[in-house]
Each structure stands twice: as C-alpha cells, then as structure tokens.
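Understanding the architecture of this molecule
What follows is the residue order along each chain.
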Amino acid sequence: MTYVYRSIALLLALTVVASPLTAHAEWGDLNMPVGVTELSKEIHSLHMTIFWWCVAIGVFVFGWMIWSLVAFRKSQGAEPDVTMTHSTKAEIIWTVIPVVILVIMAIPAARTLIAIEDTRDTELSIKVTGYQWKWHYDYLGKDVKFFSKLDRTSDETRQLNSGLDPHAVPDYLLNVDNPLVVPEDTKVRVLLTAQDVIHAWWVPQFGMKKDAIPGTVNEIWFKVDAGKTGVYRGQCAELCGRDHGFMPIVVKVVSKQEFATWLAAQQTGATPTVASREPAPSPRG
Amino acid sequence: MANTSTVDHHDDHHAPTGLKRWLYATNHKDIGTLYLIFACTMFFLGGAMALVIRAELFQPGLQFVDPQFFNSMTTMHALLMIFGAVMPAWTGLANWMIPMQVGAPDMALPRLNNFSFWLLPFAFTLLLLTLFIPGGAPAGGWTLYPPLSLQAGDSFPLTIFAIHLMGISSILGAINVVVTIMNMRAPGMGLLNMPLFCWTWLITAYLLIAVMPVLAGAVTMLLTDHFFGTAFFTAAGGGDPVMFQHIFWFFGHPEVYILILPAFGVVSEIIPTFSRKPLFGYESMVYASASIAFLSFIVWAHHMFTVGMPLAGQLFFMLSTMLIAVPTGVKVFNWCATMWKGSISFETPMLFALAFLFLFTIGGFSGLMLAIVPADFQYHDSYFVVAHFHYVLVPGAVFAIMAGVYYWLPKWSGRMYSEKLGKLHFWLSTIGVNILFFPQHFLGLAGMPRRIPDYSTQFADWNMVSSIGAFVFGFSQLLFVYVIWQAVRSGEKAPARPWEGATGLDWELPTPAPYHSWDPPPTREVVAKGVAQQH
C-alpha cells in the first residue's frame, strides 16, 4: 500500500512543480483559464474556492482513511473494538459541519450568479444563431451579419485519413473564416438561438457557455477588460450532430477605435474581409 | 408468515437441464447468474465501444472512424453500460443475495423474474441491430435530446422500442424486489435488521418504479413527434425542446442513484466484514440512503444549467444539489468510522471497496464543484463532466459490483478465486482507471468539449495518456473473467464462512448455497444470530 501512496504523492508533486513552468506547454493546461472578462475572473475564483474546500475536506477524509488503514491492520495485530457501533454526537457533527461549509460556499456563488444574470446597460447586442455546423452573427441594429465556419485548412486536415498533420495547422479546429469582432471594455450582450438543433456557445476565456435552442432566445453578456485585445477561441459545446466537433468560435477583440472602423467598413461593404468564400446559405424552413 | 409452523413444501423440485434450465428459469440463483452473465457481456461490448472512442482520440486528426459513427459509439456505449451492464448487474446481485439475506427460499415472483430477465436480450438485440441498418445506430447521445434525436433514421423506432423493453424489465425486477423484501423476510428479520444491501436495493426499487415510466413517457413523446405529427418538443409546432430535458432528467437524476445506491449497500457489507467490526451508524446509513433518494427528485435541472433558466430556478437547483453532499458525506464518514479501531485485512473484495471509497469520494468532490452554477457554466458539457461521472460510475458502481462478485463468489460457487490473480486484477484496474479518467479533469478545465471525435492539438498530450489508461483498464477486465472462470472450474473448496468477519443470514447458509436458499426458513435463533452479529 505504501508504494501506492508514494506514487500518488509523487504524481501530485510533479503536477505542482510542472504547472508554473509551462506557460505554453500542453502538459501545463491543467486548470480553468482565468479569462479576460469581469465575470470570468469571478467564476475562476469561485472554481478555485470550491476546489480548495474540496482539497481541505479531502485531506481530512483521506487522512482519516489512510490513518485507519495503516493503524488498524490485522497483520499488525490490531484488535477490533466491536462496541463502537454508533454515536449520535458524531452523526450530528458530520451533518452540521458540511451544511455550514455549503452555506459559506453558496453565498458567493449566488452573488456571482446574480451578476451573470444582470444584462442591463449593454452597449452592443449580437444575435448568434447556431446552424449545423456553423455560426451566424448578426450585429443588431448595425446591419452587419455573416456566417462563421471552420477554416479550410483545418477542414481539409480533419477529413478521415487525410494524411495531413494536425500539428502543422495553426490553431487546428479552432480557426474560422470570419471571426466575430467585438470592442474591448464594452458590455456585449449575446442573444443565442438556433435554426435546427441545440448548440451551445462557449468561449472559455469569457467564462461561460449557454445553449442556443431553436424557438428560444437565451442571453449572456461579457465585457472584455480594457487592454485585453486579441483573439479568443472556443467551440460548440452541445452535441449537434455529425460535425459537432467542427464548428469553432473565434472572437477577435479590438480597440473601440478599430471596432468603429471595422464596423463602418462592413456596413459599406468596402473591404470584403468577412465575406464568405461561398454565398451564405439561406436558412432552412 | 402468518403460520410459520406449517411450511409449504413444494415438492416439485423439477430441475430442467441444458438450455431449458435457463430459458424456463424460475430459480433466483439461475436468474441471478443469467443477469450477471448478460451484464458482463454488455460490459465488454460497451467497453469495446469505449475503446473505439479512445483509439480515435489517441491523437488529433481522424484516423479510424467517421464522426457520425463516433457519435454512435458514444451514444451506444452509454446505453449499453447504463441499461445493459450496471443495472442488470445490480439486479443479478439482488436476485442472488436478497432471498439469502432476508431468509427466503426464492424471490417472491419467480415467473415474473424470468420474464423481466428475458426481455433484456431482445431489447439489446434490437438496439444493437441499429449498428447494421442504413443510417447507422443512434448518434444523438444517450440523453436523446430533440431536435437532434429526431434527425435519426431507421434506428429511431428500434431504439425507442428497446428502451421501452428495458424499462419494463427494470420495473418488473423492481416490483419483485419490493415484494420479496416486504413479504418474504423470515420471522425475526425486521426491516431495520436487514443487511444494508437489502435496504439500498429496496430504495432503488422504489426509485425505479417511480422514474422508469417517466422515461417511457419522454421517449413515447419523441416517437409521436417523429411519426405522428405531434409537436411536444418541436418549437415550430409550439412545443419546447427544453421540456424534453426537464422530463428526461426527472428520470435521469434518480437513475444516477439507481446505479449507485446498491453500490453503497455492497460497500456497507464489505467494509465491516474486513474491518471485523459492525457497520458504524447503521440507522443513519438507512436514513442517509433514503434522503439521497428523496433529494434525487428535486435536483434534476442541475444537468441543464445552461439551457437558460430563471435566476430563482438556478438558485434552487444549486442549493438542493449542494444538499446531497450532506447525506453522502454521512455515508463516507460512517464507512471511515467503521474502519476506525477495526482489525483490517486486505483481501480482493476489500481492496475494491476501498478503491470505491477513495475514488467515489473524488467523484463526489467534482460533483460538489459542478453544483456551483457559475462554475458549472464553464464545466458543463466539457471533459470535466466526463471525468466526474466516470469516477462515480466506474470506480464507483462498477468497482462495487466487482467487489460484490469477489465477496460472494465463494458462497455462490463453493470455491475460492485466486487471491493472487484477484489482487493483480485490482491493481491493474485501479491504476488503469485513474490514468484513464484523472487527466480528463485537466482536459475539461482547459476547454475540451465532450462528445467530439477530434480536437485541437493543445489537448493532445492528456488525451494520449487517457487512451493508454483506457486500454490498460479495458484489457485487464479480461483477467476478471479468467479469475472467475478459474475459480468456478478448479478453485479450492471454500468454507461456509470464508471471511472471518462476515455476518448476516447469507453467511449462515452452507457453501455453496443450496438451490432453494432458505427452505425451510431459518429459525428465530439463526435469524437472531445473523442479526446480532451485524449490529
């Protein structure tokens, strides 16, 4: 038995040592990203709080188990205490303490949840419609709309026995032809629906996902911190058929200035940077 | 029970041989064996599908299967493992053990017992047939969410009909358990004297009777949506796809406890035996099981936090879900207290029960994390969820089934398994299962969605590790079959009480247990002896 515990300890130690060393290495992707929005940071901190509670309870419970297994071995001549069969006091203690911990945990969780649901004062609304298997983005009231689907290189590489090396494709399966473009430091409301089956829109760096359901409009919001411009990637998170794994989400966060320029260009149709290579299919029935 | 002095002796000990013994089986042991063999077969078929999944996910890019077939594999793997492997395995153990533990000669309704078993091979033949028809097997996930599930081809009616048959089989099996426990207990065997396995199974049986009809209703509505022009779940016709999810998970969450409650029972028998000490807090264990069963009816929407519920709904389901940690914690603490000041030895059943204790607790922790709604918005439908439910189902339910089989095999067969090979099986399984599922926590947190056949290269390393674990775990289960086969064929003769700490009526029977377990019923002295040692 000791060998096993030693191996577990070694594994844990390795994990701890390895994590800070590997900013970009794949082995280091062990935890939820902190993200780049107001909410994603709160969600991450909730995740870490509940995680450390679990670790603390785990140290106690596993400690108790391991202690018993080591101290009360028959092979070491342990004699059972058969009179020890119940204790109302103990039962009350280990009912009440978990309840207290849960209440302590529920309060910040409820607070964050209320913030998540607060979609007032949004500065930009984008309607996102899921299709099998692409996304449609519609900047409400701005007269800008387009489809966004898996980029051609990923698409060729991901074919069965394509013979192409996914490692050679930049952002394999996480790249699209037309990314969603949003400004930093702006409360963006995303209205989610779907045309055919249920999809889910998820960008881990923005902290959350929500289902896009035919006949229903769901909403989430995000506000990317000022200075966090860049490209953020995600995927459909609800099984939606054959190519569920191949409808990524790419969001390009730009400065407010750049966004205004981009939007104006889209409206006049001057630069076809977001024009699809194929004509956009008309929505089905 | 009204007249215990005149015991009805059925002298028609007709014992058909060969195929008829099994086709016409009415004996609880024969039917239990059938259930266990069936479950084992489905475990290997479902396991083979899991290996197809893990082979495809071994590295990025599509190497072996089409994405549609991949989706069929995830769907069928789940249906086979839940309805074909774990549930029938529990019914098999219930068939074997409940009459022996309550002091009955057999199950209360033997012909119903035969029928409920023989529905299963037909149900699963229908389901497996879909692999060979045009359009392939169902690929919309075992949760059958519409509108996606309605896009299925010819597999659709076969799947629904198969699920109906499985549901009928489960309900009949559950009725049999309830009637047996309520009516067939030997004089002196009060409800609160029963071994915990009987208790958890009694609660499980009520859950089954309550929720299998709900599943039947849900899939019937899918069927009429597909073929008869109704629009229960079709938005275009005024229906609501989310309503299906509510109905499904009203079945689905109690179903989760249907899979795990009997495991609590088995572990509550094995840990006291090998700690040579009575179970700590017997009554609180019963009440905790009942509380878990009750709570299972009011937490269903935590499976669907991302569908867009009102804030109040999300808060309610978060709090009720967190509450489940309390009775579950009581159980874990009671098991710990049972080992405390015991005299512990580490035979194979105990090793599996201990692995259950450690690894189910890890699954419980990730479950607690999943209850926190804002964090769940990140975890939902990611590999974190896959890791969570596999921790509670594989080293949870499946390990408990294996623990139970090793524990009672000597009583069933009259022969001992090889302790050396049993331990080897245990270590291979435990190491394999952790290599398989632990990295999936990392994958989910890093952002890998579940049910995808191919992934971005950033997920490549841990997927490879997970797949290696899958093959280690999968192939070591062949050893399990070999250990049992070897024991039954040529194992050493087992004594009546192979485990010195084993108590209860099942251990008062001779070894191997007689064909009609308690016939005549145990005397009050025998019952009192079995019960006294238990408390």
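Residues numbered from 1 in each chain as written. Chains lettered and ligands numbered in written order. Predicted model: local features only at pLDDT ≥ 70, side-chain atom pairs only at ≥ 80, totals over all residues. Heavy atoms only, no water.

Let's shift gears to the overall build of chain B. For chain B, the helix and strand inventory stands at 16 helices and zero strands. Dimensions of chain B, computed from C-alpha atoms along their principal axes, come out at roughly 70 × 50 × 50 Å. If the 21 positive side-chain charges of chain B are averaged to one point and the 25 negative ones to another, these points end up 11 Å apart. (Helix = DSSP H or I, 4+ residues; strand = E, 2+ residues; numbered from the N terminus. Lys, Arg positive; Asp, Glu negative; His and termini not counted. Charge placed at Lys NZ, Arg CZ, Asp CG, Glu CD.)

Let us look at the nonpolar core. The biggest cluster of nonpolar side chains holds 269 residues, and the ones touching the most others in it are Tyr-139 and Trp-201 of chain A together with Phe-83, Trp-90, Phe-124 and Trp-335 of chain B. Here this core takes 21 residues from helix 3 (residues 67-102) of chain B, the largest share from any one element. Both of domain 1 (31-116) and domain 2 (124-274) of chain A provide at least three residues apiece to this core. Excluding its chain neighbours within four sequence positions, the residues that come into contact with Phe-124 of chain B are Phe-38, Met-42, Leu-79, Leu-80, Phe-83, Gly-84 and Met-166 of chain B. Formed by six residues, the second largest nonpolar core is a distinct cluster that contains Leu-150, Val-169, Leu-173 and Phe-246 of chain A. (Core = buried A, V, L, I, M, F, W, Y, C linked by side-chain atoms within 4.5 Å. Buried < 20%, exposed > 50% of the residue type's maximum accessible area, 1.4 Å probe, protein only. Domains from an automatic or database assignment. Contact = heavy atoms within 4.5 Å.)

Take the packing of aromatic side chains next. Residue and element names in this part refer to chain B. According to the stated counting rule, one finds 66 aromatic pairs over all chains in the structure shown. Ring geometry for Phe-250 against Phe-297: centres 5.7 Å apart, planes inclined by 50 degrees, an arrangement best described as tilted. On the criterion of sequence distance, the pair formed by Phe-250 in helix 7 (residues 241-275) and Phe-297 in the loop between helix 8 (282-295) and helix 9 (311-323) is long-range, its members being 47 residues apart. For Phe-250, a relative accessible area of 28% gives the class partly exposed. (Phe/Tyr/Trp six-rings, centres within 6.5 Å; stacked < 30°, edge-to-face > 60°.)

Turning our attention to the packing of helix 14 (residues 419-446) of chain B against helix 15 (residues 460-490) of chain B. Residues and elements named next belong to chain B. Running from amino to carboxyl end, helix 14 crosses helix 15 at an angle of 155 degrees, the nearest separation of the two axes being 8 Å. One way to sum up the angle between helix 14 and helix 15 is to call them roughly antiparallel. The two elements helix 14 and helix 15 cross, and the hand of that crossing is left-handed. Its residues placed into classes, the contact of helix 14 with helix 15 shows 18 nonpolar, 11 polar and no charged. (Axes fitted to C-alpha atoms, helices over the stretch in contact; angles between N-to-C directions. Parallel < 35°, antiparallel > 145°, perpendicular 65-115°, else oblique. Left-handed = near helix turned anticlockwise from the far one by under 90°. Nonpolar A, V, L, I, M, F, W, Y, C, P; charged D, E, K, R; others polar.)

The subject of this paragraph is the sheet that holds strand 4 (residues 180-183) of chain A. Residues and elements named next belong to chain A. Taken in spatial order, the five strands make up an open sheet running 4-10-9-6-7, and their pairing is mixed. This sheet does not close on itself; its edge strands, each paired only once, are strand 4 and strand 7 (208-212). Neighbouring strand axes in the sheet, compared pairwise and without regard to direction, differ in orientation by 25 degrees on average. With six bridges connecting them, strand 9 (residues 230-236) and strand 10 (residues 248-254) associate as antiparallel partners. Note on strand 10: the bridge partner recorded for Val-231 is Lys-252. Against the sheet, helix 5 (residues 256-268) engages strand 4 and strand 10, with an angle of about 135 degrees to strand 4. (Pairing = 2+ DSSP bridges.)

Bringing a nonpolar patch on the surface into the picture now. Residues and elements named next belong to chain B. A grouping of Phe-58, Leu-424, Leu-428, Met-464, Ile-468 and Val-472 is seen on the molecular surface, where their side chains present a nonpolar patch of about 450 Å² in accessible area. Going through the elements one at a time, helix 14 and helix 15 are the ones with two or more residues in the nonpolar patch. Take Leu-424: it is sitting in helix 14. (Patch = residues over 30% accessible without salt bridge, like charges linked within 9 Å, V, L, I, M, F, W, Y side chains within 5 Å. Areas by Shrake-Rupley, 256 points an atom, 1.4 Å probe, with all protein chains shown as cover. Salt bridge = Lys/Arg side-chain N within 4 Å of Asp/Glu carboxyl O.)

In this section: the pairing of strand 5 (residues 187-194) of chain A. All names here are of chain A. Where burial is concerned, most of strand 5 is hidden: seven out of the eight residues are buried. Relative to strand 5, strand 1 (residues 124-131) runs parallel, the two sharing seven bridges. Counterpart to Ile-126 in the pairing with strand 5 is Val-190. Strand direction decides the pairing type here: strand 5 and strand 8 (residues 218-223), joined by six bridges, are antiparallel. Counted as the bridge partner of Leu-192 is Asn-218 from strand 8.

Moving on: the interface of chain A and chain B. At the junction of the two partners, chain A supplies 91 residues and chain B supplies 99 residues. The junction of chain A with chain B conceals about 8,400 Å² of combined surface from both sides, 71% of it contributed by carbon and sulfur atoms. Interface area lost by chain A to chain B is led by Met-84, Leu-239 and Arg-242 of chain A, which between them contribute 8%. Scanning the region where chain A abuts chain B turns up two salt bridges. With its nearest N and O atoms 3.3 Å apart, the salt bridge here joins Glu-500 of chain B to Lys-74 of chain A. For the interface between chain A and chain B, the tally reads 21 residue pairs in polar contact (both at pLDDT 80 or more). Residue assignment for the side of chain A that touches chain B shows that the elements contributing at least two residues are helix 1 (2-21), helix 2 (38-71), helix 3 (88-116), strand 7 and strand 9 of chain A. Across the side of chain A that touches chain B, the residue classes break down as 54 nonpolar, 21 polar and 16 charged. (Buried area = accessible area lost by both parts, 1.4 Å probe. Polar contact = N/O pair within 3.5 Å; in protein donor to acceptor, adjacent residues only side chain to side chain.)

A few words on the domain arrangement of chain A. Residue and element names in this part refer to chain A. Split into domains, chain A comes out as domain 1 (31-116) and domain 2 (124-274). Across the contact, 11 residues belong to domain 1 and 12 residues belong to domain 2. For the pairing of domain 1 and domain 2, the buried interface totals around 1,000 Å² over both sides, and the portion due to carbon and sulfur atoms is 62%. A per-residue breakdown of the area domain 1 buries against domain 2 is headed by Val-36, Thr-37 and Glu-38, which together make up 49% of the total. In this structure, the connection of domain 1 to domain 2 is made through one salt bridge.

Attention now moves to the pairing of strand 10 of chain A. Residue and element names in this part refer to chain A. With six of its seven residues buried, strand 10 lies for the most part within the structure. Looking at chain direction, strand 4 and strand 10 are connected through four bridges and run parallel. Bridging across to strand 10, Leu-180 finds its partner in Val-251.

Attention now moves to the environment of Leu-436 of chain B. Tracing the chain through its elements places Leu-436 of chain B in helix 14. Along the chain, Leu-436 of chain B and Gly-238 of chain B lie 198 residues apart, while their C-alpha atoms are 44 Å from each other.

Our next topic: helix 4 (residues 110-129) of chain B. All names here are of chain B. Counted at 1.5 Å a residue, the expected span for helix 4 with its 20 residues is 28 Å, and the 30 Å between its end C-alpha atoms agrees. Among the residues of helix 4, Asn-113, Asn-114, Ser-116, Phe-117, Leu-119, Leu-120, Pro-121, Ala-123, Phe-124, Leu-126, Leu-127 and Leu-128 are the ones counted as buried. Of the surrounding elements, those touching the buried residues of helix 4 are helix 1 (19-23), helix 2 (28-56), helix 3 and helix 5 (155-183). (Expected span 1.5 Å × (residues − 1).)

All right, on to the sheet that holds strand 3 (residues 144-148) of chain A then. Residues and elements named next belong to chain A. Taken in spatial order, the five strands line up as 3-2-1-5-8 in an open sheet, and their pairing is mixed. Of all the strands in the sheet, the pair left with one neighbour each is strand 3 and strand 8. Taking the axes of each pair of neighbouring strands and ignoring which way they run, one obtains an average angle of 20 degrees across the sheet.

The phi torsion of most residues other than glycine is negative, and most of the peptide bonds are trans. Residues Gln-132 of chain A and Trp-133 of chain A are joined by a peptide bond in cis, for which omega reads 0 degrees. Topologically, Trp-133 of chain A is positioned in the loop between strand 1 and strand 2 (134-139). A cis amide bond links Pro-146 of chain B to the next residue, Pro-147 of chain B, at an omega of 0 degrees. Along the chain, Pro-147 of chain B turns up in the loop between helix 4 and helix 5. Positive phi, close to 50 degrees, is recorded for Asp-171 of chain A, a residue that is not glycine. Inspection of the secondary structure puts Asp-171 of chain A in the loop between helix 4 (152-157) and strand 4. Positioned with a positive phi, Leu-144 of chain B is a non-glycine residue whose angle comes to about 55 degrees. Topologically, Leu-144 of chain B is positioned in the loop between helix 4 and helix 5. Exposure remark for Leu-144 of chain B: the relative accessible area of 5% places this residue in the buried category.

This part takes up the packing of helix 6 (residues 196-227) of chain B against helix 8 of chain B. Residue and element names in this part refer to chain B. Where helix 6 meets helix 8, the closest approach of the two axes is 10 Å, and the angle between their N-to-C directions is 15 degrees. Of the possible angle classes, the one that applies to helix 6 and helix 8 is roughly parallel. Crossing of helix 6 over helix 8 shows right-handed handedness. In contact with Leu-196, Trp-199, Thr-200, Ile-203 and Leu-207 of helix 6, helix 8 contributes Tyr-282, Met-285, Val-286, Ser-289, Ala-290 and Ala-293.

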